[in-house]
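# Remarks on the overall topology
Chain residues, written in single-letter form:
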Protein chains: 4
Amino acid sequence: MTGTKAARTRLRILDAAASEFAAQGYAGTSLRRIAEESGLQLGSLYFHFTSKDALLSEVVREAVAFAEERVSSALDDLPAAASARTRFSAAVRAHLRALHESSDRGAAVVRIIDLSPELTAVGAHQHVRDYARFWTGLVIEAQAAGGIPGQLDPVITRDLVVGAMHATVGRRQLPPDQVARLAETVIGLVLRQPLTNWP
Amino acid sequence: MTGTKAARTRLRILDAAASEFAAQGYAGTSLRRIAEESGLQLGSLYFHFTSKDALLSEVVREAVAFAEERVSSALDDLPAAASARTRFSAAVRAHLRALHESSDRGAAVVRIIDLSPELTAVGAHQHVRDYARFWTGLVIEAQAAGGIPGQLDPVITRDLVVGAMHATVGRRQLPPDQVARLAETVIGLVLRQPLTNWP
Amino acid sequence: MTGTKAARTRLRILDAAASEFAAQGYAGTSLRRIAEESGLQLGSLYFHFTSKDALLSEVVREAVAFAEERVSSALDDLPAAASARTRFSAAVRAHLRALHESSDRGAAVVRIIDLSPELTAVGAHQHVRDYARFWTGLVIEAQAAGGIPGQLDPVITRDLVVGAMHATVGRRQLPPDQVARLAETVIGLVLRQPLTNWP
Amino acid sequence: MTGTKAARTRLRILDAAASEFAAQGYAGTSLRRIAEESGLQLGSLYFHFTSKDALLSEVVREAVAFAEERVSSALDDLPAAASARTRFSAAVRAHLRALHESSDRGAAVVRIIDLSPELTAVGAHQHVRDYARFWTGLVIEAQAAGGIPGQLDPVITRDLVVGAMHATVGRRQLPPDQVARLAETVIGLVLRQPLTNWP
DNA sequence: CATGAATGAGATTTCATTCAT
DNA sequence: GATGAATGAAATCTCATTCAT
C-alpha cells in the first residue's frame, strides 16, 4: 500500500473533491457529498483538511501539478533536436490528455479556475500562473519558428489557445480517440500543420 | 418611461442577476444579493420570477439574444459582396464586444453556460444551441473561402474558436481598446489575416 | 341573478374557502389558492373580507347555519305528533346529508371546528355552541322516550353521537346512497331501532 | 440512562412534535417551535429526522403503536373466558385512556389522522389501517354475542365507534375520572350494558 | 370592484464548522 | 483517525397583508 492509512484516506477525499468541484463548481459542492463519496462521516474531513477552501486549494494545486508533470514529461521524451512545432504539438496533446483523463483531476482545474473568486482568496492562483507562464514560452518558441504569426501578442495568444483547450472539457468524459481528434484540430488550427494520426 | 413599472423592475432584477450569476456562478449567487442590488426585498423577487431557475433561464435567454442580435446586425451592416473572411472577422468583433460590454449581460452567458447542470434542467440550452449552430455556419463559410483549413471538423473548430473567445471574459470588465486587441488576435490566429486597426 | 356583483363574488370566495379549509385545514389553506379558485387576484379578496380569520369565521358561520337550517326544516316537515325517535332519526339523516352534500359547505365545519385554535380567537364558536345545544335537546327527548339509555349524561352522549357523525366526513365525497346507509347505521346503533330504507 | 444521547434527544423531539402536531395540526406546526420545546436549535432537528414529513410519520407510527399496545395488553389481562362484551368494554377503556394520557402521544394520532393529506404521502396510513382492522374484529365479536345489533355493517359501525371516541380528544387534557366517565358512556351507548364504576 | 406591486415575517432545508469522545 | 451530535448562519420559497391606482 502507498503510505499510511491517513495518506490513503486523504487521496480518496481529494479524488471525491476534484470530482465534485469539477461537476458542481465551488459553491455548488457540499462537503457532505464529498464525505459520502469518500466513505467518511462529514466531521472526519476536518481531520485531513482545515476547511473547504483548503481542500479547494489542494485540489487545484494537485491538478495543476498533474497537468504540468504530464506536459513536461511529454516534452522530455522528445529528441533534443525536436522543432518548436513538434514541441508545441506534443504539449497540446499532453495537456488535453491530462484534462480529459480519469478521475476528474484535470477537469477540476479548468472548470474552477475561471469561475471562483474563492481561488484568489485561497492563494491557489500562484500554481496556475506558473503553469501559464510555461505556456507563454511555448507560444513564443512557436512564433520564432514561424508556426504562429509573429505579430500576435504572445500572452493574449496563449490565453486564447489555452482557453480553447479548456473549453473542450465538459461534464461527460471523452473517449481517448476523441481527445486525440481535439488535439489534432487545435494543432491544425493554431500551427496550420498538416494533421497527423488522422483517420 | 419605458414600459410599465413592473417591466422596469424586471429589468433591474435581470441586470443584477446577470451580474451576480456572471461573478459567482449559479450556486454561488444568492437571491438576497440580487434583491439588494435591485432595491427590492427578497420576497418581492417572486412577484417577477417564479424561482431562481426561472431567473437564470431568463438571464441566459436574454444574454444569448443580445449577443446574437449584435452579431447579426454587424453582418447585416456589411456590403452584400463582403468576403467570408470579412464576415467572420466582423462576427468575432461583434461577439467579443457583446461579451465584454453592457453590465455583465454578455458575460453571464459565458461563465454560466459551461458550469451549470442547472441550465439543462431549466431548458435554456436551446437558445444556446441555436446560436452555436449559427457559428458553425460562419466556420464552414470561412473554410470554403480558404480562411480556415478545410480538413478540420467544423463543429470542433467552432467550439475551439468560441471557447477561446469566451475564455477572455474575466471578472473585471475590459476597456474597449483591449477588447479590440483581443478581437484582432483571434482573427489573426484563426484566419491568419493581416491585422487591422492595430496601434 | 342573485344580488349584486359583489355578492356573487363573495359567494364564489366562500365556496372556494370552504373547500380549501375542509381539505387542508386552516393553517394549510393559502389565500392565494382561494383567490385562484375564485377567479380573482390575491389582493382582491381583501375587498370582501378583512382577513383570513374573518373569512374562516364566515365560512363556519354559514356552514353551521346551513346544517342547522337543513335539520330544522327536516323536523318541521314531520307531523306534529311525530315521536322522539322519529325526530331524532330525521335529524341524523338531515345532518349527515348536509355534511356530505355538495361544495364542501358542510364538510368545512366539521374538519375545522375541532382542529383550530383559530376558531376561538375568531369568535366563531358561538354558532357552533348554539347548534350543539340544539342536539342536546334531541338527545334528552330521545332519552325521555326510551330510545337512549336514561342514565347516560346527555352532553357526553351528544358529543359522542355528533362526533361519530363527523368522523364519517372524509376527503372524498360520498354518493347519496352511502350517506343514507351511514345514517341508518347511526340510528340503528344509537336508537336500536329496526333499520328503515335498507336494501 | 436510557439509550444513547441521540436516543434521548430523539425522544424529546418526538414528544414535542406530538404535542405540536396534536395542538396545531400538520400545517400549523412549525419546526422552530418543536426545536425550542426540545431545547435544540432548529438545524439540529435534521440530525435526527430528515424532514418534517419523516417526523410526522414517526409520531404517528409511535402513537398508533402506543394505543395498540395498551389495548392489546388490556385484553391479555382478561381471563381467557371473558365475554365479548367484557373484551369490547376493556378495549374501549384502554383506548380512551391511551388517547387522553401521556403527553399528547395519543392525541397526536387522532387529530392528525383525519386532516392530513400528508399522512398518505408519508406512508403512515398502514399502521393506522392495521389498528382499524383490529377494531373491526372487536365489533364483529360483540355482534356475535348480541352486544351490538347484528344487522349493522361492522366496518361502518367500527368507524362510528372509533370516531366517537376520537371526538372526545380536545385541546386540553382530561383528568382520569372524566376519561373513565367517557368510557362508560361509550360502553353504555354502544353495548347498552349497565354502567360500572359509576359515581 | 379589482388589480398590480411590494413588503416583512416566517416556513423548511442545507451548509460549513466545531468539539467532545 | 474517525465519529456523533450539535450549532448558527444562510439558502430558497411562501404567506398574509397593504395600498396606490
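Below you will find a few notes about this structure. All of these numbers come straight from a predicted model, not from anything done at the bench. (Residues numbered from 1 in each chain as written. Chains lettered and ligands numbered in written order. Predicted model: local features only at pLDDT ≥ 70, side-chain atom pairs only at ≥ 80, totals over all residues. Heavy atoms only, no water.)

## Some words on the interface of chain A and chain B
How large an interface is tends to be reported as the accessible area lost when its parts come together. Let me state the cut-off plainly: Here, two residues are considered to be in contact whenever any of their heavy atoms come within 4.5 Å of each other. When two components associate, each loses some accessible surface as probed by a 1.4 Å sphere; the sum of these losses over both components is called the buried area. Distance and chemistry together define a polar contact, namely a pair of N or O atoms within 3.5 Å, with one atom able to donate a hydrogen and the other to accept it when in protein, and with adjacent residues in sequence counting only for side-chain atoms on both sides. In this description a helix means any DSSP run of H or I spanning at least four residues, a strand means any run of E spanning at least two, and both kinds are numbered starting from the N terminus. When residues are grouped by polarity, Ala, Val, Leu, Ile, Met, Phe, Trp, Tyr, Cys and Pro land in nonpolar, Asp, Glu, Lys and Arg in charged, and all others, Gly among them, in polar.
With 37 residues of chain A at the interface, the matching set in chain B holds 38 residues. Here chain A and chain B share an interface that buries about 3000 Å² over both sides, 68% of which is from carbon and sulfur atoms. Counting every contact that joins chain A to chain B gives six residue pairs in polar contact (both at pLDDT 80 or more). The set of elements that each furnish at least two residues to the side of chain A that touches chain B consists of α1 (5-28), α9 (154-166) and α10 (176-191) of chain A. Tallying contributions element by element places α10 of chain A first for the side of chain A that touches chain B, with eight residues. Class assignment for the residues of the side of chain A that touches chain B results in 19 nonpolar, eleven polar and seven charged.

## Things to note about the packing of aromatic side chains
All names here are of chain B. Quick reminder of the rule: Stacked, edge-to-face and tilted are the three classes for Phe, Tyr and Trp ring pairs, Trp counted by its six-membered ring, which pair at centre distances within 6.5 Å; planes under 30 degrees apart are stacked, over 60 edge-to-face, the rest tilted. For a Lys NZ or an Arg CZ to count as sitting over a ring, it must be within 6 Å of the ring centre and within 35 degrees of the ring normal.
Under the definition given, this model contains twelve aromatic pairs over all chains. Relative to F134, the ring of Y131 lies with its centre 6.1 Å away and its plane at 10 degrees, an arrangement referred to as stacked. Within this pair, Y131 and its partner F134 are both found in helix α8 (residues 125-144), separated by three residues, close to a single helical turn. A cation over an aromatic ring shows up here: K52 above the ring of Y26, its NZ or CZ 4.4 Å from the ring centre.

## A short note on the protein's contact with DNA strand E
Heads up, the condition is: Neighbouring residues are identified by heavy atoms, a residue being near a molecule or strand if any of them is within 4 Å of it.
As a structural note, the neighbourhood of DNA strand E is formed by 37 residues, with S44 and H48 of chain B, S44 and H48 of chain C together with Y46 of chain D the closest of them. Restricting the count to atoms of DNA strand E within 4 Å of the protein gives a sugar and phosphate share of 71%. Measuring from a phosphate oxygen of DNA strand E, one finds a backbone N or O atom of A6 of chain B at 3.4 Å. Contact between DNA strand E and S44 of chain B: a phosphate oxygen at 2.5 Å from a side-chain N or O atom of the residue. Residues belonging to the surface near DNA strand E are distributed by class as follows: twelve nonpolar, 20 polar and five charged.

Nothing here speaks to function; it is geometry throughout.
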